[in-house]
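Here are the chains, one letter per residue:
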Amino acid sequence: MRFKGKVFKYGDNVDTDVIIPARYLNSSDPEELATHCMEDLDSSFTERVEKGDIIVAGKNFGSGSSREHAPLAIKTAGISCVIAESFARIFYRNAINIGLPILISKEAAVNIEEGTCLEVDLEQGTIKDLDHNQTYTAEPFPEFMQEIIKAGGLIEKIKGEVGR
Amino acid sequence: MGMTMVEKIIAAHTDEDRVRPGQIVNARVDIVLGNDVTTPVAVKEFNKIGVNRVFDRERVVIVPDHFTPNKDISSAEQALLVRKFAREQEITNYFEVGEMGIEHCLLPEKGLALPGEIIVGADSHTCTYGALGAFATGVGSTDMAAAMATGQLWFRVPPTIKFIYSGRLNPWVSGKDLILYTIGDIGVDGALYRAMEFSGEAISNLSMDGRMTMSNMAIEAGGKCGLIACDEKTREYLKDRAVREYTAYESDPDAEYEKIIEYDVSEIEPQVAFPHLPENTRPVSQASHVKIDQAVIGSCTNGRIEDLRIAAEVLKNNHVHPDVRCLVFPGTQAIYKQAIKEGLIDIFIDAGVAVSTPTCGPCLGGHMGILAKGERAISTTNRNFVGRMGHPESEVYLASPAVAAASAIKGYITHPEEVVR
């Protein structure tokens, strides 16, 4: 999978409460959730985001609540991929399970700037900064997680197994 | 080389004799938990899998506690969806309003969370049950769906950081202060992907309620779980509660830890975490005179009977400051009833406190005590993120029930000894 989009850059510890505030969790409709994505951190996010865009953030992205509504909101808002120095563990699981591509690269997280145009190759784990002609390589996923990603998420993987 | 507690528990739930940090395994789970916010998404995913029934109706636990009693029409519809699923699947442990409590207060009380078990919950504070010696961890809704369908889930075996708390606690210092101090020391990602293991004299001396407060906040340091080995206190607590037999595990003396961190608790005073991260901790002596508008006492972190007793001790013969709203949320119906029996609710009401039926309520900015722009709360809850309790420009300061109660009386953040001498 390849993605191309502009960067929304955030800092460390972006928590799931700012990704999707709990006041909107009385709905589980992804489209509805997406209209409030990042609202408490970046109020103009939903106006500016375009399909394919990429979030680049610092350490511990997605910390806090287990709400899967957070990666769902990001995915449904049109974000193709999240790149961070590190991810909080429940967000990491959730992203893999629902098929929101994520990549870990400290170098990319530190160097890539807001608004930059990126091209990401998920299989290769490469992140190309098209504006500055720089390429970063992300940490590869363990094989087991690659299987979930390839299947299109955990449910698809299990479906195959349960049906056997 | 020996194994740590979490390695032993995970291995016991697979067909392997031993597991190693970093290894990815499919393990059997003993309990799968969900609430009214996370279960609706899980039900949607469950229905895609193509199985008709949950793997074991007695091992799926559903507690509608976040936006219940329903705060609005949308949340009522979410709760209805969950209720229908529980009925269709004949879920034994579905707890309706009136029976329910805050999930992480309720499961231990009902004897549903046991040593040596693997408990996954679609709620990040599922790590609470580590205090009972269970490997308990928060997961998402898709994980919940998968676990409900198959009784299994994938895990990456975590490395363990061992924390040793030696010495005796100072007056007014509680489990909450120990965990806030720890998070302040290692940071909100200090235990990312790691198992935290709490041990030492101070942990042995801590009550089960205090231990649950500590394990509850392991996630605030990024931890996968916060384990405390099962001891006499644990067994005593479970004596008339445990719904199943259990096997307790403890770390081998030669287990391999990633790190060992030691604290002398006699040097720790009550802690306050400043906005907007639980790691922004200061001793209460360096936090005084921050004016507050609201004090919240309760939640899955501090809504247990011991917490209410301490709050009542501080509030007895005192009155909440006229500029402050003080709210108390007993964790479960049984805790509420016990508090009535002990006269704690009388003390609260006489002091001008609003007492609520159990709910997560304002902890996550759901309902029952939302903050306006610019308002500040001191809260015994677990997170002080931007907008956590209401307006994005409101602030939450995290502390123990003793500090929250004392602050409610004074109107600003206060050491309990300034109120009770």
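First, a word on what this report is: a plain description of the structure on this page. Keep in mind that this is a model prediction, so the values were computed, not measured. (Residues numbered from 1 in each chain as written. Chains lettered and ligands numbered in written order. Predicted model: local features only at pLDDT ≥ 70, side-chain atom pairs only at ≥ 80, totals over all residues. Heavy atoms only, no water.)

A separate point is helix α4 (residues 69-76) of chain A. Note that an α-helix has 3.6 residues per turn; residues three or four places apart therefore point the same way. Among the 8 residues that make up α4 of chain A, 6 are buried, leaving the element largely enclosed by the rest of the structure. For α4 of chain A, the full list of buried residues reads H69, A70, P71, L72, A73 and I74 of chain A. Contact partners of the buried residues in α4 of chain A: α1 (16-19), α2 (30-34), β2 (54-57), β3 (81-84) and α5 (89-98) of chain A together with α2 (39-49) of chain B. One or two steps after α4 of chain A, the chain reaches G78 of chain A, where phi turns positive at roughly 115°. (Buried < 20%, exposed > 50% of the residue type's maximum accessible area, 1.4 Å probe, protein only. Helix = DSSP H or I, 4+ residues; strand = E, 2+ residues; numbered from the N terminus. Contact = heavy atoms within 4.5 Å.)

As a further point, take the interface of chain A and chain B. By a frequent convention, interface size equals the accessible area lost on bringing the separate parts together. Listed per partner, the contact involves 41 residues of chain A and 52 residues of chain B. Regarding the contact of chain A and chain B, the summed buried area is about 3800 Å², with carbon and sulfur atoms giving 60% of it. Of all residues in chain A, N26, R89 and R93 of chain A give up the largest surface area on contact with chain B, accounting jointly for 20% of the area buried on that side. Inspection of the region where chain A meets chain B yields 2 salt bridges. Linking R388 of chain B and D17 of chain A is a salt bridge whose minimum nitrogen-to-oxygen distance equals 2.8 Å. Our enumeration of links across chain A and chain B arrives at 18 residue pairs in polar contact (both at pLDDT 80 or more). Secondary-structure elements contributing two or more residues to the side of chain A that touches chain B are α1, α4, α5, α7 (143-151) and α8 (154-163) of chain A. (Buried area = accessible area lost by both parts, 1.4 Å probe. Salt bridge = Lys/Arg side-chain N within 4 Å of Asp/Glu carboxyl O. Polar contact = N/O pair within 3.5 Å; in protein donor to acceptor, adjacent residues only side chain to side chain.)

On to the packing of α2 of chain B against helix α5 (residues 141-150) of chain B. Residues and elements named next belong to chain B. In the contact formed by α2 and α5, the axes pass within 8 Å of each other and the chain directions differ by 50°. Relative to α5, α2 is oriented oblique. Regarding α2 and α5, the two cross each other, and that crossing is right-handed. Contacts from T39, V41, A42, E45, F46 and I49 in α2 reach S141, T142, M144, A145, A146, M148 and A149 in α5. (Axes fitted to C-alpha atoms, helices over the stretch in contact; angles between N-to-C directions. Parallel < 35°, antiparallel > 145°, perpendicular 65-115°, else oblique. Left-handed = near helix turned anticlockwise from the far one by under 90°.)

Attention now goes to the nonpolar core. Judged by nonpolar contacts, the single largest core of 132 residues is most densely connected at F45, F61, I74, F87 and F91 of chain A together with F348 and I413 of chain B. Sort the elements by how many residues they give to this core and helix α14 (residues 401-410) of chain B lands first, with 7 residues. Mapped onto the domain boundaries, this core takes at least three residues apiece from domain 1 (5-262) and domain 2 (272-414) of chain B. Beyond its immediate stretch of four places on either side in the chain, F45 of chain A contacts F8, Y10, C37, M38, I55, A77 and I79 of chain A. Residues I31, Y165, M214 and L371 of chain B belong to the second largest nonpolar core, which totals 60 residues. (Core = buried A, V, L, I, M, F, W, Y, C linked by side-chain atoms within 4.5 Å. Domains from an automatic or database assignment.)

What follows covers unusual backbone geometry. Backbone phi values are negative for most residues with the exception of glycine, while trans is the configuration of most peptide bonds. At the junction of T68 of chain B and P69 of chain B, the peptide bond is cis and its omega measures out at -15° in the coordinates. Take P69 of chain B: it is sitting in the loop between β3 (60-63) and α3 (73-88). The step from P275 of chain B to H276 of chain B runs through a cis peptide bond, and the omega angle for that step is -5°. By the element assignment, H276 of chain B lies in the loop between β12 (271-273) and β13 (281-283). We note that N13 of chain A has phi near 55°; this positive angle belongs to a residue other than glycine. Considering the arrangement of structural elements, one finds N13 of chain A in the loop between β1 (2-9) and α1. Within the chain, M38 of chain A stands out as a residue other than glycine whose phi angle is a positive 65°.

Attention now moves to the sheet that holds strand β11 (residues 259-264) of chain B. Residues and elements named next belong to chain B. Pairing is parallel in the open sheet, where 4 strands are placed in the order β10-β9-β8-β11. The sheet is open, and its two borders are formed by β10 (225-227) and β11, each paired with just one other strand. The mean angle between the axes of side-by-side strands here comes to 20°, regardless of whether they run parallel or antiparallel. Looking at chain direction, strand β8 (residues 160-166) and β11 are connected through 6 bridges and run parallel. Considered in β11, the bridge of K162 is made with I260. Lying over the sheet, helix α1 (residues 5-12) contacts β8, β9 (195-199) and β10, oriented at roughly 110° with respect to β10. Together, β8, β9 and β11 form the strand contacts of helix α6 (residues 175-186), whose direction differs from that of β11 by roughly 125°. (Pairing = 2+ DSSP bridges.)

Moving on, we come to helix α8 (residues 208-216) of chain B. Most of α8 of chain B sits out of view: 9 of its 9 residues are buried. By the burial criterion, the buried members of α8 of chain B are M208, D209, G210, R211, M212, T213, M214, S215 and N216 of chain B.

What follows covers the sheet that holds strand β6 (residues 126-129) of chain A. Sheet strands pair via backbone hydrogen bonds, and the direction of the pair is either parallel or antiparallel. All names here are of chain A. Read across the sheet, 7 strands follow the order β4-β3-β2-β1-β5-β6-β7 without closing on themselves; strand pairing throughout is mixed. With one partner strand each, in any of the chains shown, β4 (102-104) and β7 (134-137) form the two edges of the open sheet. Here the average twist between neighbouring strands, direction ignored, is 30°. For β1 and β2, the ladder comprises 3 bridges, and the chain directions are parallel. From the neighbouring strand, F8 faces β2, where its bridge partner is I55.

Scope: geometric values only; no functional claims are made or implied.
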